[in-house]
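# Inside the fold
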Amino acid sequence: GASAASTEDSWRKVNFHNVYKDIAALLEDESYDDGSYGPVFVRLAWHASGTYDVGSKTGGSNGATIRFSPEADHGANAGLGVARARLEPLKKKYPHISYGDLYTLAGVVGVQELGGPTVRWRPGRVDNKTKEQCTPDDRLPDAAQGADHVRAIFYRMGFDDQEIAALVGAHALGRCHSTRSGYEGPWNASPTAFTNFFYTELLQNTWVPKKWSGPFQFVDKPTGEFMMLPADLAFRTDPVFRRHAERYAADQDAFFADFAKAFSRLLELGVSFPADAPVYEFKALD
Ligand code: DDH
């Protein structure tokens with residue numbers, strides 16, 4: 001049936017400070033992964049938004065086509081049903097929030113509550129798309145590929161090399177799951193803290209091919225506990241990406257500032273906001 005958030009004005013009935021707090025209350029769960037839904041909420045927000053194509057102006061978080069089949073079943077989205085199911089009670093509690101606003105706000109909460117920067121966020125996405133508007137299965141990056149592919153994917157969204165290098169720092173959070181992507185392991189020892197460790201680990205460790213029957217990936221030579229995707233290594237080997245990675249490894253504040261800007265922009269790709277939609281800068285809870 002029609003969603004209560006299918007009109008342009010529905011968001012006006014929602015108290016987003018309360019939604020923020022309620023999402024934050026859903027993060028912690030000792031029995032899930034490393035103890036937090038934050039990383040998978042960030043990934044949901046990114047995959048809901050990163051389908052945007054500047055050329056055709058299709059995709060993006062507006063309309064939240066990620067919840068529909070076939071997009072929900074795209075290989076890149078494996079495991080994200082867990083995040084959507086965790087958030088669904090809030091859609092019942094706040095029927096006037098759109099799915100696009102809920103999923104993107106969950107990404108903001110994930111970043112901020114795990115210690116990351118304040119991410120400017122606006123409401124106004126509308127539940128006005130159908131499954132016919134699902135994006136094709138080639139819009140998100142393929143982890144098996146390198147710098148050329150990564151650039152092609154993110155240039156299509158309208159990002160430049162600096163923004164791409166900043167965005168991938170989200171791989172400080174969470175882990176790969178052999179049951180989802182096929183890859184396995186966390187990128188560092190604190191996967192529930194938002195840090196610049198993606199860059200420090202990437203540049204300071206020695207990365208060697210993992211010896212296993214799964215997809216080709218890297219593990220750190222000393223311990224074998226941490227991982228890098230083939231696409232992650234592009235930020236070490238490509239000279240332009242590496243210049244940014246070195247800056248972010250050396251300067252956490254620079255990373256936080258650039259990540260906050262690029263992530264906020266990512267979540268807004270293809271969305272036309274009402275002129276009076278407020279820009280929120282939520283305060284992290286304690
Ligand atoms: Fe990512 N990512 N990502 N990623 N990502 C995975 C997990 C997480 C790629 C592939 C994978 C971004 C960029 C890229 C997060 C955020 C972001 C996994 C493992 C793969 C594979 C999924 C699983 O098995 O559960 C590739 C390739 C790229 C690229 O080429 C640039 C960006 C831009 C973001 C972002 O948020 C801005 C997060 C968080 C996770 C951890 C999820 C979890 O459940 O934990």
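Read on for a plain summary of the structure. (Residues numbered from 1 in each chain as written. Predicted model: local features only at pLDDT ≥ 70, side-chain atom pairs only at ≥ 80, totals over all residues. Heavy atoms only, no water.)

## Digging into the coordination of the iron atom of the ligand
Reference values for coordination geometry: four tetrahedral donors around a metal ideally subtend 109.5 degrees, six octahedral donors ideally subtend 90 or 180 degrees. Only one protein atom coordinates the iron atom of the ligand: His171 (NE2), located 2.1 Å from the metal. Within the fold, His171 resides in the loop between helix 6 (161-167) and strand 1 (175-176). (Donors = N, O, S within 2.8 Å, 3.2 Å for Na, K, Ca; no water. Helix = DSSP H or I, 4+ residues; strand = E, 2+ residues; numbered from the N terminus.)

## Some thoughts on the packing of helix 7 (residues 197-204) against helix 9 (residues 239-250)
Angle between the axes and distance between the axes are the two parameters that describe a pair of packed helices. Contact geometry of helix 7 with helix 9 gives a least axis separation of 8 Å together with a crossing angle of 115°. For the pair helix 7 and helix 9, the sense of crossing is left-handed. Of helix 9, the residues touching helix 7 (which contributes Tyr199, Thr200 and Leu203) are Arg242, Ala245, Glu246, Tyr248 and Ala249. Residue composition of the contact of helix 7 with helix 9, grouped by class: five nonpolar, one polar and two charged. (Axes fitted to C-alpha atoms, helices over the stretch in contact; angles between N-to-C directions. Left-handed = near helix turned anticlockwise from the far one by under 90°. Contact = heavy atoms within 4.5 Å. Nonpolar A, V, L, I, M, F, W, Y, C, P; charged D, E, K, R; others polar.)

## Let's talk about the site of the ligand
Taken together, 25 residues form the shell around the ligand, and within it Trp46, His171, Arg175, His177 and Ser181 come nearest. Within the side chain of Trp46, one N or O atom sits 3.1 Å away from a nitrogen atom of the ligand. Interatomic distance of 2.6 Å between a side-chain N/O atom of His177 and an oxygen atom of the ligand. Elements that contribute at least two residues to the shell around the ligand include exactly helix 2 (38-49), helix 5 (147-157) and strand 1. Considering every element that reaches the shell around the ligand, the biggest residue donor is helix 2, with five residues. Residue composition of the shell around the ligand, grouped by class: 18 nonpolar, four polar and three charged. The two domains that each donate at least three residues to the shell around the ligand are domain 1 (10-139 + 264-268) and domain 2 (147-260). (Near = heavy atom within 4 Å. Polar contact = N/O pair within 3.5 Å; in protein donor to acceptor, adjacent residues only side chain to side chain. Domains from an automatic or database assignment.)

## Describing the sheet that holds strand 5 (residues 227-228)
Pairing between sheet strands relies on hydrogen bonds along the backbone, with the strands arranged either parallel or antiparallel. Reading across from one edge, 3-4-5 is the order of the three strands in this open sheet, with antiparallel pairing throughout. With partners counted over all chains shown, the strands left at the sheet margins are strand 3 (207-209) and strand 5, one partner each. Pairing analysis gives three bridges linking strand 3 to strand 4 (residues 218-220), with the strands arranged antiparallel. Within strand 4, the residue paired with Trp207 across the bridge is Asp220. (Pairing = 2+ DSSP bridges.)

These results come straight from atomic positions and should not be treated as a statement about function.
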